[in-house]
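Structure at a glance
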Amino acid sequence: MLELTSSDLEELKKLQLQLLDELQRVCDILGVRFYLDAGTLLGALRHQGFIPWDDDVDVCMIRGDYDRLVQEGSALFETDYFLQTPSNSPQMPASYLKLRLNGTCMVESLLDDVNGNHGIWIDIFPFDFFSSDTDVKKLQKREAFWCKAFDLRQRRKPSDQLPAYKAMARYLTHFVLSLVPAKVFLSRMRMPAPPTVSADGFISCLHYGSCFFWIKWSDAFPPIEVSFEGRKFLALANCEDYLGQVYGNWMKLPPANERVPHHFVSQFDLGKYAY
């Protein structure tokens, strides 16, 4: 496993901003919008930019805009960029989109045996609408189950920290689940498109796995602008409530020993962008 230096992180963030700018350009052409999400949103509100020790960028899109980006976006990105989807990269574990920078490399340790584009990336998550009468507890269980099942299907390599018998069970589970088409899992990680979006409905993301949140549509829209590294990006209007659901007391800094990048990386190469 590589430990990224402060210089590595600084250069990485420059390229992630470049990816954000390219995503913004394409979304403007399509007339769709994305919003800062997760740790990137937290960074915008608490640091007005990246969390100093963070190593990735997260954005989200409402499902209709997200689907349009999937269908029409690839042809609009410049050749330096690759919109990675579960369809064009079925061997990769992500159930959502990643915009990658060609000619760079940032391989996660558990994926070093997986062929595919491992360029520096930003994550793009879909947010689905669900009506106010939805059984939220059932939806939460559904998200946790299908996210875990899809991850087990996609990731062949278990963690090195697992004891041998658990690693073997992990391999067997992966083998059984790999017999089921990926589209079966992905179809259960989205809500049916509603005929209309009502103000009393909610939005959530069925791709997080490790946590669950729900936001009232009328509280989230219209969106607001937030500052991020000297740029202006959109965020959901009730972003502080969202961050509270996901992170708890998000304004409080974590202990010093937890202020570290959260991706374990086995290869890192800036390619022609090297400083």
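Residues numbered from 1 in each chain as written. Predicted model: local features only at pLDDT ≥ 70, side-chain atom pairs only at ≥ 80, totals over all residues. Heavy atoms only, no water.

A look at the overall build of the chain
- Looking only at helices and strands, one finds 8 helices and 11 strands in the chain.
- Relative to a compact globule of 275 residues, whose C-alpha radius of gyration would be 19 Å, the chain shows 19 Å and is just as compact.
- Dimensions of the chain, computed from the C-alpha atoms along their principal axes, are close to 50 × 45 × 45 Å.
- When each of the 275 residues of the chain is scored for burial, the buried share is 48%. (Helix = DSSP H or I, 4+ residues; strand = E, 2+ residues; numbered from the N terminus. Rg over C-alpha atoms; globule rule 2.2 N^0.38 Å. Buried < 20%, exposed > 50% of the residue type's maximum accessible area, 1.4 Å probe, protein only.)

Quick look at a nonpolar patch on the surface
- Taken together, Met168, Tyr171 and Leu172 make up a surface patch of nonpolar side chains, about 310 Å² in accessible area.
- By the secondary structure assignment, Tyr171 is in helix H5 (residues 164-178).
- Using a relative accessible area of 35% as the deciding quantity, one classes Tyr171 as partly exposed. (Patch = residues over 30% accessible without salt bridge, like charges linked within 9 Å, V, L, I, M, F, W, Y side chains within 5 Å. Areas by Shrake-Rupley, 256 points an atom, 1.4 Å probe, with all protein chains shown as cover. Salt bridge = Lys/Arg side-chain N within 4 Å of Asp/Glu carboxyl O.)

Examining the pairing of strand E9 (residues 224-228)
- In this structure, E9 lies alongside strand E10 (residues 231-235), joined through 5 bridges in antiparallel fashion. By the bridge assignment, Ser227 is partnered in E10 with Lys232. (Pairing = 2+ DSSP bridges.)

Some remarks on helix H2 (residues 38-47)
- The element H2 is largely enclosed, with a buried count of 8 among its 10 residues.
- The set of residues buried in H2 consists of Ala38, Gly39, Thr40, Leu41, Leu42, Gly43, Ala44 and Arg46.
- Elements that come into contact with the buried residues of H2 comprise strand E1 (35-36), strand E2 (58-62), E9, E10 and helix H8 (239-247).
- Just beyond H2, the residue with positive phi is Gln48, at close to 60°. (Contact = heavy atoms within 4.5 Å.)

Overview of the packing of helix H4 (residues 136-154) against H5
- For the pair H4 and H5, the least separation of the axes is 7 Å and the interaxial angle reads 100°. It follows from the interaxial angle that H4 and H5 lie roughly perpendicular. In contact with Ala149, Asp151, Leu152, Arg153 and Gln154 of H4, H5 contributes Arg170, Thr173, His174, Leu177 and Ser178.
- Along the lines of polarity and charge, the residues of the contact of H4 with H5 split into 3 nonpolar, 4 polar and 3 charged. (Axes fitted to C-alpha atoms, helices over the stretch in contact; angles between N-to-C directions. Parallel < 35°, antiparallel > 145°, perpendicular 65-115°, else oblique. Nonpolar A, V, L, I, M, F, W, Y, C, P; charged D, E, K, R; others polar.)

Topic: helix H3 (residues 63-72)
- Along H3, the positions that sit buried rather than exposed are Arg63, Tyr66, Asp67 and Leu69. Buried residues of H3, seen end-on, are gathered within an arc of 155° and therefore sit on one face of the element.
- In the core, the buried residues of H3 are packed alongside helix H1 (6-30), E2, strand E3 (81-84), strand E4 (97-101) and strand E6 (121-130). (Arc of directions from axis to C-beta.)

Notes on the environment of Gly209
- Considering the arrangement of structural elements, one finds Gly209 in the loop between strand E7 (202-204) and strand E8 (215-216).
- For the pair formed by Gly209 and Tyr242, sequence separation is 33 residues and the distance between their alpha carbons is 16 Å.
- Setting aside residues up to four positions removed in sequence, Gly209 forms contacts with Glu143, Ala144 and Cys147.

Topic: the nonpolar core
- Core analysis: the biggest nonpolar cluster contains 66 residues, and Leu23, Leu69, Ile124 and Phe127 have the highest contact counts within it.
- Top contributing element to this core by residue count: H1, with 10 residues.
- Ignoring sequence-local partners within four residues, the contact set of Leu69 consists of Leu23, Val26, Leu30, Met61, Ser74, Phe77, Leu83, Leu97 and Ile124.
- Listed in part, the 8 residues of the second largest apolar core include Phe150, Leu152, Phe185 and Met189. (Core = buried A, V, L, I, M, F, W, Y, C linked by side-chain atoms within 4.5 Å.)

Structural notes on the pattern of salt bridges
- Across all of its chains, the model carries 11 salt bridges by this definition.
- Measuring nitrogen to oxygen at the nearest pair gives 2.8 Å for the salt bridge that ties Asp128 to Arg63. Here Asp128 is found in strand E6, whereas its partner Arg63 is found in helix H3, with 65 residues between them in sequence. Of the two residues, Asp128 and Arg63, both sit in the buried class.
- Salt-bridge contacts for Asp151 lead to Arg155; the nearest nitrogen and oxygen are separated by 2.5 Å.
- Ionic contacts of the salt-bridge type, sharing partners, join the residues Arg63, Asp67, Asp128 and Arg190 into one network.

Side note on unusual backbone geometry
- The linkage connecting Phe221 with the following residue, Pro222, adopts the cis geometry, with an omega of 5°.
- In this structure, Pro222 sits in the loop between helix H7 (217-220) and E9.
- For Ala38, which is not a glycine, the phi torsion comes out positive at approximately 50°.
- Checked against the element boundaries, Ala38 lands in helix H2.
- By relative accessible area, Ala38 is classed as buried at 10%.

Things to note about the side chain of Thr104
- Counting through the fold element by element, Thr104 comes out in the loop between E4 and strand E5 (105-108).
- On the basis of relative accessible area, Thr104 is assigned to the buried category, the value being 10%.
- A polar contact is formed between the side chain of Thr104 and the backbone oxygen of Leu101, at a distance of 2.7 Å.
- Residues contacting Thr104, with those up to four places away along its chain left out, are Leu15, His118, Gly119, Ile120, Asp269, Leu270 and Tyr273. (Polar contact = N/O pair within 3.5 Å; in protein donor to acceptor, adjacent residues only side chain to side chain.)

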